[in-house]
Amino acid sequence: MSIEVLKKESNPFKLFNIILLSILIYIIIQSWIDTEMSFTGLISGWDSMVSYIKGNPEIEGSSYFPPILYKDDLNTYFWAMLETVQMAIIALVLSILLAIPLSYITSRNILQILIPGKTIYHETMRKSLYAFGTFIANICRSVNELVWALIFVSAVGLGPMAGILALGIHTAGVLSKLLSEGNEAIDPGPVEALASSGAGFIKILVYAVIPQTMPHFISMVLYRFESDVRSASILGFVGAGGIGFYLFDKLRGFENGHVCTILIFIIVTVWALDNLSALIRKRFI
């Protein structure tokens, strides 16, 4: 490729790029206007926010600072936070079991390995599986965890199980999308080499696909685990167990000293998990 052609291909000021950028700028500006976004409003309301955080001096515990550090309360919040992490762990396991097969049938290159052939029958089978998998994954991740939690609370009652199911279903939809993108980004060379030697789907998957996707898989799973811990922290708002139950109760009662203590537990837990994830990534990625 000549230098002139390379310059022409890499020129950012193409008509298409300018039109696309103009549309994007218009969407951002119009969205800003329609949503009445304003930094002026935040600045003008800053004193009210500070006043809320300080609380009412005449009402004990209405201030966020200092946090409440009574031994019994700390013990209660510790075990509730542990339950929240356990909910995220079980939910992650369930979501992985659902997301892996979903990610395979929503990856066009994997479907090509699973159902090889160029006949109308094979094309129809691949398109049908892809459409089905995409539809299920979209439903799972489009519905918020809180809505799923409400649905499962009506089925299994109050408690952690409803939260686990809610997190598991939602995360399965998100993970399937993330993992399918990793599947479609693999180098086709090893796949084609094994396929040409007569290897079946399982062998190709084990020896050509999984070794390439494993770093991406570990990274995405760890990311979703951290995210699930944060999400599980508010599922208690609808009675789905964990630290969120106490957070909602204290917010509703304007016991902001307790709210601050609970938030500290959540922040420290997420920080610890983030560091643990970093160590795992360093080891396997």
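Everything that follows concerns the structure shown earlier in this document.
Here the structure is a predicted model, which is why all the values come from computation and not from measurement.

What follows deals with the overall build of the protein chain. Across its full length, the protein chain carries 13 helices and zero strands. Sequence-ordered secondary structure for the protein chain, helices as α and strands as β, is α-α-α-α-α-α-α-α-α-α-α-α-α. Excluding contacts between residues fewer than 6 apart, the proportion of contacts in the protein chain whose partners are at least 24 apart in sequence is 71%. A total of about 17600 Å² of accessible surface is found on the protein chain, and carbon and sulfur atoms cover 70% of it.

So, on to the packing of aromatic side chains. If you walk through the whole model with that rule in mind, you get eight aromatic pairs. Ring geometry for F78 and W79: centres 5.2 Å apart, planes at 80 degrees, overall edge-to-face. Relative to F152, the ring of W148 lies with its centre 6.0 Å away and its plane at 25 degrees, an arrangement referred to as stacked. Taken together, the residues W148 and F152, both in helix 8 (residues 145–156) and four residues apart, mark about one turn of the helix. We note that W148, like F152, is buried. One aromatic cluster is present, formed by Y77, F245, Y246 and F265 through successive ring pairs.

Moving on to a nonpolar patch on the surface. There is a patch of nonpolar side chains on the surface, built from W32, M37, F39, L42, I43, W46, M49, Y52, I53 and F65 and spanning about 1100 Å² of accessible area. Of all the elements in the fold, those that place two or more residues in the nonpolar patch are helix 3 (39–44) and helix 4 (46–54). Looking at the nonpolar patch, the element that brings in the most residues is helix 4, giving four residues. Along the chain, the position of W46 falls in helix 4.

Moving on to the layout of surface pockets. Taken as a whole, the largest pocket holds about 250 Å³ of empty space. For the lining of the largest pocket, the elements supplying multiple residues, two or more each, are helix 6 (108–114), helix 10 (188–196) and helix 11 (201–235). At four residues, helix 10 tops the list of elements feeding residues into the lining of the largest pocket. Of the volumes computed, that of the second largest pocket is approximately 160 Å³. In this structure, the second largest pocket is lined by T106, R108, Y130, T134, A137, N138, R141, S176, K177, S180, E181 and E184.

The interhelical angle for the contact between helix 8 and helix 9 (residues 160–184), taken along N-to-C directions, is 135 degrees, at an axis separation of 8 Å. It follows that helix 8 is oblique to helix 9 by the angle criterion. The element helix 8 and its partner helix 9 pack so that their crossing is right-handed. Mapping the contact onto sequence places E145, W148, A149, F152, V153 and V156 in helix 8 and M161, A162, L165, A166, L167, I169 and H170 in helix 9. Its residues placed into classes, the contact of helix 8 with helix 9 shows eleven nonpolar, one polar and one charged.

Mapped onto the fold, A208 is located in helix 11. Each residue touching A208, except ones within four places of it in the same chain, is listed here: P190, V191, L194 and K203.

What follows concerns the nonpolar core. One recurring pattern in soluble globular proteins is that nonpolar side chains are buried together. Counting 26 residues, the largest nonpolar core has M81, L175, F225, V229, I243 and I266 as its most contacted members. When residues of this core are traced back to their parent elements, those giving at least two are helix 5 (71–105), helix 9, helix 11 and helix 13 (256–284). If you tally residues by element for this core, the top one is helix 5, at eight residues. Ranked by size, the runner-up nonpolar core spans 13 residues in total, among them A149, A162, L167 and A232.

When you line up the elements, R281 lands in helix 13. Spatially, the C-alpha atom of R281 lies 8.3 Å from that of P215, the residues being 66 residues apart in sequence. Once residues within four sequence positions are removed from consideration, R281 is found in contact with S219, L222, Y223 and E226.

Cut-offs used in this document
Residues numbered from 1 in each chain as written. Predicted model: local features only at pLDDT ≥ 70, side-chain atom pairs only at ≥ 80, totals over all residues. Heavy atoms only, no water. Helix = DSSP H or I, 4+ residues; strand = E, 2+ residues; numbered from the N terminus. Contact = heavy atoms within 4.5 Å. Areas by Shrake-Rupley, 256 points an atom, 1.4 Å probe, with all protein chains shown as cover. Phe/Tyr/Trp six-rings, centres within 6.5 Å; stacked < 30°, edge-to-face > 60°. Buried < 20%, exposed > 50% of the residue type's maximum accessible area, 1.4 Å probe, protein only. Patch = residues over 30% accessible without salt bridge, like charges linked within 9 Å, V, L, I, M, F, W, Y side chains within 5 Å. Salt bridge = Lys/Arg side-chain N within 4 Å of Asp/Glu carboxyl O. 1 Å grid on protein atoms, 1.4 Å probe; cavity = no way out; pocket = protein on both sides within 12 Å on 5 of 7 lines; lining within 4 Å. Points joined across faces, edges and corners; volume = space filled by probe spheres on them. Axes fitted to C-alpha atoms, helices over the stretch in contact; angles between N-to-C directions. Parallel < 35°, antiparallel > 145°, perpendicular 65-115°, else oblique. Left-handed = near helix turned anticlockwise from the far one by under 90°. Nonpolar A, V, L, I, M, F, W, Y, C, P; charged D, E, K, R; others polar. Core = buried A, V, L, I, M, F, W, Y, C linked by side-chain atoms within 4.5 Å.

Note that all results are geometric; they support no functional claim without further evidence.
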